[in-house]
Amino acid sequence: MKKQFLKIKARQVTYLMFLLSALAIFSISCEKEDSVAPVATENPELSIVEVLQSFGETETEEGANLKRGRGAPAPGDASIAEIAIDAEFNELVGALAYVDEELDAGLVDLFLNGTDQYTVFAPTDEAFEALYEALGIDEISDLPAELVLDVLFYHVTEGRRASNSVLPPRGYRTITTLLEETFKVDPDGRIEAIGNEANITAADVSASNGIIHVIDAVILPIHGEESSKAALKKGHEGNGKSLPPGDNSIAAIAIEAGFSELVGALRYVDDSLDAGLVDLFLNGTDQYTVFAPTDEAFMKLYDALGDDVDEIRDLPAELVLDVLLYHVTEGRRASNSVVPPVRPREITTLLEEKFWVDSKGMITAIGSEAKIQTPDISASNGIIHVIDAVLLPIK
């Protein structure tokens, strides 16, 4: 009998419903420059370029075009994260720490202590501030952690890629990032990303575990059809920081909406295994996100299983419990923290097994597929996303 789900501590995870589409249309205009201008730091006597030069030589000089180095510089003494911290890239370091805290991503340790080699296109604090101003937010933690992680991955590529392997002699060079999405760089160090543009302002800062190129905008891996800041602001405000809790519980909504098969499955495992699921979802205050199959989805499952299965009680209660737990994840996860902007997003369920959701709301489970039909039904104790098939945790 499985009651391990009762031991999971719920965390309130709230996001901005339409922020993905807002970020997708974000563009900070970056004029193509013939020279590299130093970026000011808190120390008025030193530019960021000069601070970084204390760790590794750049191929820039004031008033000159960005140059391609002749080869990769030798590894430096400090790691990527140490350089970012010492050079006061506060917003970038804060973004790394934020996704580590929220998602246990391990990025700070990777770039601080790791020995694998990476090339980081590092936005300045001013670049992050320009993004916040355009979105009408105050700090990086106002954005969904999963989205911030995708954006960070879009700024990193594998290996030590010095300016000579980033800047092409002519045309464009394509850079494939850890997000498995690409951006292009021209000979002058102008970056054309999916959602906006940026310029490389300092190159070839050598770290012990990679190379840093400083850029003047946060590059975005998502795009959309609109481009106005008014639409950006509307999208941000429309998703508030949360999908407010509803008046009714998850179970009450399922009963009232006629999810007879799902409710019947909950009652079946309660009767057979004393699992307490009906009470948990009817009266509980811990927050969960439920991917709720329709009655038609259950009927398709029964048909697929053959003549011996006419209803849920024809299946072993232990198996039904596993299937039910595979449809639930911890916390309030609105659609923007479930449906990703680009690459499939991994969802860990109460069964401690995973499934994946793509940018179109298609779910790939261990043993089946489904599509999110109706997202973001808010309950007092969680969020419901209606799906068109029963997810199976077995092949």
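In this text the structure is predicted, and so the values were computed from the model without any measurement.

A few words on the overall build of the chain. In terms of regular secondary structure, the chain is built from 13 helices and 14 strands. Put simply, of all contacts in the chain between residues at least 6 apart along the chain, 71% involve residues at least 24 apart. Surface accessibility of the chain: about 18,000 Å² in total, with carbon and sulfur atoms responsible for 47%.

Counting across every chain of the model gives 8 aromatic pairs. Chaining the aromatic ring pairs together yields one cluster made of Phe121, Tyr154 and Phe183. One residue, lysine 184, lies across the ring of tyrosine 172, its end atom 4.6 Å from the ring centre.

For the rest of this paragraph, the subject is the pattern of salt bridges. Enumeration over the complete set of coordinates arrives at 8 salt bridges. The partner of aspartate 150 in a salt bridge is arginine 345, and the shortest N-O contact between them spans 3.9 Å. Linking aspartate 150 in helix H7 (residues 145–153) with arginine 345 in strand E10 (residues 345–348), this pair joins segments that are 195 residues apart in sequence. A single burial state applies to aspartate 150 and to arginine 345, both of which are buried. Here the salt bridges share partners, and the residues they tie into one network are Lys184, Asp186, Arg190, Glu192 and Glu197.

Within the largest apolar cluster, 57 residues are counted, with the highest numbers of intra-cluster contacts made by Phe111, Phe183, Ile191 and Ile200. In terms of residues, this core owes the most to one element, H7, which gives 7 residues. Once you skip the residues sitting within four places of it in the chain, phenylalanine 183 turns out to touch Phe121, Tyr154, Arg173, Thr174, Ile175, Thr177, Ile191, Glu192, Ala193 and Ile219. Ranked by size, the runner-up nonpolar core spans 53 residues in total, among them Phe259, Tyr326, Val357 and Ala379.

The next subject is the pairing of E10. Alternating residues of E10 divide into Arg345 and Ile347, all buried, and Glu346 and Thr348, none buried. Where E10 hands over to strand E11 (residues 354–357), the hairpin turn is made up of 5 residues, of which glutamate 352 adopts a positive phi near 65°.

Right, let's talk about unusual backbone geometry for a bit. If you check the backbone angles, glutamate 352 has positive phi at about 65° while not being a glycine. Checked against the element boundaries, glutamate 352 lands in the loop between E10 and E11. Phi at aspartate 376 takes a positive value of approximately 60°, unusual for a residue other than glycine. With respect to the helices and strands, aspartate 376 occurs in strand E13 (residues 369–379). The class for aspartate 376 is buried, based on a relative accessible area of 15%.

Moving on to the confidence of the model for the chain. Regions with low pLDDT carry predicted coordinates that are not meant to be interpreted in detail. On average, residues of the chain carry a pLDDT of 80, and 76% of them reach 70 or more. This stretch, residues 1–65, has a pLDDT under 50; its non-local contacts, to residues over four places away or in other chains, come to 178 contacts. Predicted confidence for residues 224–242 stays below pLDDT 50, and this span has 38 contacts to residues more than four positions away or in other chains.

Our focus in this paragraph is the packing of helix H4 (residues 90–103) against helix H6 (residues 125–135). One can describe the packing of H4 onto H6 by two numbers: an axis separation of 7 Å at closest approach and a directional angle of 70°. With respect to their mutual orientation, H4 and H6 come out roughly perpendicular. Touching Asn90, Glu91 and Leu92 of H4 are Asp125, Phe128, Glu129 and Tyr132, all from H6.

What follows concerns the environment of glutamate 353. Here glutamate 353 is to be found in the loop between E10 and E11. Considered as a pair, glutamate 353 and proline 393 are 40 residues apart in the sequence and their alpha carbons are 7.2 Å apart. Apart from residues lying up to four places away in sequence, glutamate 353 is in contact with Tyr326, Ile347, Thr348 and Ile366.

The mixed open sheet is built from 7 strands, whose spatial order is E9-E8-E14-E13-E12-E11-E10. Of all the strands in the sheet, the pair left with one neighbour each is strand E9 (328–330) and E10. Direction aside, neighbouring strands of the sheet carry axes that sit 30° apart on average. Across 5 bridges, the pairing between E13 and strand E14 (residues 382–387) is antiparallel. Its bridge partner being in E14, alanine 379 is matched across the sheet by glycine 382.

Cut-off values and rules
Residues numbered from 1 in each chain as written. Predicted model: local features only at pLDDT ≥ 70, side-chain atom pairs only at ≥ 80, totals over all residues. Heavy atoms only, no water. Helix = DSSP H or I, 4+ residues; strand = E, 2+ residues; numbered from the N terminus. Contact = heavy atoms within 4.5 Å. Areas by Shrake-Rupley, 256 points an atom, 1.4 Å probe, with all protein chains shown as cover. Phe/Tyr/Trp six-rings, centres within 6.5 Å; stacked < 30°, edge-to-face > 60°. Lys NZ or Arg CZ within 6 Å of the ring centre and 35° of its normal. Salt bridge = Lys/Arg side-chain N within 4 Å of Asp/Glu carboxyl O. Buried < 20%, exposed > 50% of the residue type's maximum accessible area, 1.4 Å probe, protein only. Core = buried A, V, L, I, M, F, W, Y, C linked by side-chain atoms within 4.5 Å. Pairing = 2+ DSSP bridges. pLDDT = per-residue confidence, 0-100. Axes fitted to C-alpha atoms, helices over the stretch in contact; angles between N-to-C directions. Parallel < 35°, antiparallel > 145°, perpendicular 65-115°, else oblique.

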